[in-house]
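Tertiary structure, described
Spelled out from the first residue to the last, the chains are:
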Amino acid sequence: MFRRLALTCAALLSVVSAQLVVTSPGANDWWVASSVNTLAWSCTSSPYLNFTILLANSNLSILPAPLAIVAVQQNFDCSESITQQQSAQPAGSGYVIQLASTLNETDIYAESQPFEIKALGSSYPTTTSSAGSTPTGSASAGAAQATKTGGALAEYVPVGMSMVAALALSLVVA
Ligand SMILES: *[C@@H]1O[C@H](CO)[C@@H](O)[C@H](O)[C@H]1NC(C)=O
Ligand SMILES: *[C@@H]1O[C@H](CO)[C@@H](O)[C@H](O)[C@H]1NC(C)=O
Ligand SMILES: *[C@@H]1O[C@H](CO)[C@@H](O)[C@H](O)[C@H]1NC(C)=O
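The rules behind each value
Residues numbered from 1 in each chain as written. Chains lettered and ligands numbered in written order. Predicted model: local features only at pLDDT ≥ 70, side-chain atom pairs only at ≥ 80, totals over all residues. Heavy atoms only, no water. Core = buried A, V, L, I, M, F, W, Y, C linked by side-chain atoms within 4.5 Å. Buried < 20%, exposed > 50% of the residue type's maximum accessible area, 1.4 Å probe, protein only. Helix = DSSP H or I, 4+ residues; strand = E, 2+ residues; numbered from the N terminus. Contact = heavy atoms within 4.5 Å. Near = heavy atom within 4 Å. Polar contact = N/O pair within 3.5 Å; in protein donor to acceptor, adjacent residues only side chain to side chain. Areas by Shrake-Rupley, 256 points an atom, 1.4 Å probe, with all protein chains shown as cover. Pairing = 2+ DSSP bridges. Axes fitted to C-alpha atoms, helices over the stretch in contact; angles between N-to-C directions. Disulfide = S-S within 2.5 Å. pLDDT = per-residue confidence, 0-100.

Labelled according to an unreviewed UniProt entry, the chain appears under the name Yeast cell wall synthesis Kre9/Knh1-like N-terminal domain-containing protein, originating from Suillus discolor.

**Topic: the nonpolar core**
Residues Leu39, Ile53, Leu55, Ile97 and Leu99 are the most contacted members of the largest nonpolar core, which totals 20 residues. Among the elements of the structure, strand E3 (37-41), strand E4 (50-57), strand E5 (67-74), strand E7 (92-100) and strand E9 (115-118) are those that each provide at least two residues to this core. Leave out the neighbours within four places in its chain, and isoleucine 97 touches Val22, Pro25, Trp31, Leu39, Ile53, Leu54, Leu55, Ile69, Ala110, Glu111, Ser112 and Phe115.

**A closer look at the site of ligand 2**
Every residue near ligand 2 is listed here: Asn59, Ser61 and Ile62. At 2.4 Å, a side-chain N or O of asparagine 59 approaches an oxygen atom of ligand 2. Here ligand 2 has 360 Å² of accessible area as a free molecule, and 23% of this is covered by the chains.

**Notes on the site of ligand 1**
With respect to spatial proximity, the complete set of residues near ligand 1 consists of Leu49, Asn50, Val72 and Gln74. The side chain of asparagine 50 places a nitrogen or oxygen atom 2.3 Å from an oxygen atom of ligand 1. At 3.1 Å from an oxygen atom of ligand 1 is found a side-chain nitrogen or oxygen belonging to glutamine 74. Its free accessible area being 370 Å², ligand 1 has 34% of it covered by the protein chains.

**Some remarks on the sheet that holds strand E1 (residues 22-24)**
The sheet built from three strands is open, its strands ordered E1-E3-E6 with antiparallel pairing. For this open sheet the edge positions go to E1 and strand E6 (79-82), each flanked by a neighbour on one side alone. Neighbour to neighbour, the strand axes of the sheet diverge by 30° on average, direction disregarded. Sheet topology note: the E1/E3 ladder contains two bridges and is antiparallel. When the sheet's bridge partners are listed, serine 24 is paired in E3 with alanine 40.

**Digging into the state of the cysteines**
Considering all chains together, one arrives at one disulfide under this definition. Residue pairing for cysteine 43: its cysteine sulfur links by disulfide to cysteine 78, the two sulfurs lying 2.0 Å apart. Between cysteine 43 and cysteine 78, the S-S torsion sits near 90°, and that sign places the bridge as right-handed. Here cysteine 43, found in the loop between E3 and E4, pairs with cysteine 78, found in the loop between E5 and E6; they are 35 residues apart in sequence, far enough to count as distant. Residue classification places cysteine 43 among the buried positions, given a relative accessible area of 15%. Look at cysteine 78 and you get partly exposed, because its relative accessible area is 28%.

**Examining the pairing of E4**
For E4, the tally of buried residues reaches seven of eight residues, placing the bulk of the element in the interior. Taken together, the six bridges between E4 and E7 define a ladder with antiparallel strand orientation. By the bridge assignment, alanine 56 is partnered in E7 with valine 96.

**Focus on the confidence of the model for the chain**
Here the chain shows a mean pLDDT of 74. Residues at 70 or above account for 63%. Note on residues 128-174: pLDDT is under 50 here. Beyond four places in sequence and across chains, it has 47 contacts.

As structure tokens, this is what we get:
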């Protein structure tokens, strides 16, 4: 029984360890139109070296087709400041960021939570406000978001904990 549990945990561990997740914008974040906005992803667990960044919306009257805003993004950058030239999108809700294969933009590696683009002049979300004014702030924005309870990372953190449990279990079984 312990062995089966350990195997299940090990399977979970391998899935978790090779995952690309958009960490910002998260569920409670937004972007500001005609402004510099921050995009961040789980670069340390990403199985991909590079990808194309797309902006999409399920409402086709807002965005008829996904828009490639960065053709080739290197994974090791971990975050990117998206300028108004790259994303000249009007305010609206239901936007998602997609990280896709550079060779096939419909092969989507990861998709963000739906988020809103607010009108020019709106304040940035508190977790990314420092990142909005200084590009170097994006790492601390990610850290701030990890402690947030309502965000997408709230699900991610317990999984991280069970990873530790899985490691401990496999040690016990071995
Ligand atoms: C992107 O990654 C692939 C491997 O997944 C590699 O073959 C390719 O050269 C990379 N492209 C760039 C522009 O870094
Ligand atoms: C899609 O966007 C348009 C323009 O913003 C809006 O009028 C319409 O209500 C939206 N449709 C849905 C289903 O949200
Ligand atoms: C591109 O990716 C999609 C989704 O994974 C797949 O269905 C399609 O066959 C791919 N196209 C090519 C040309 O490989």
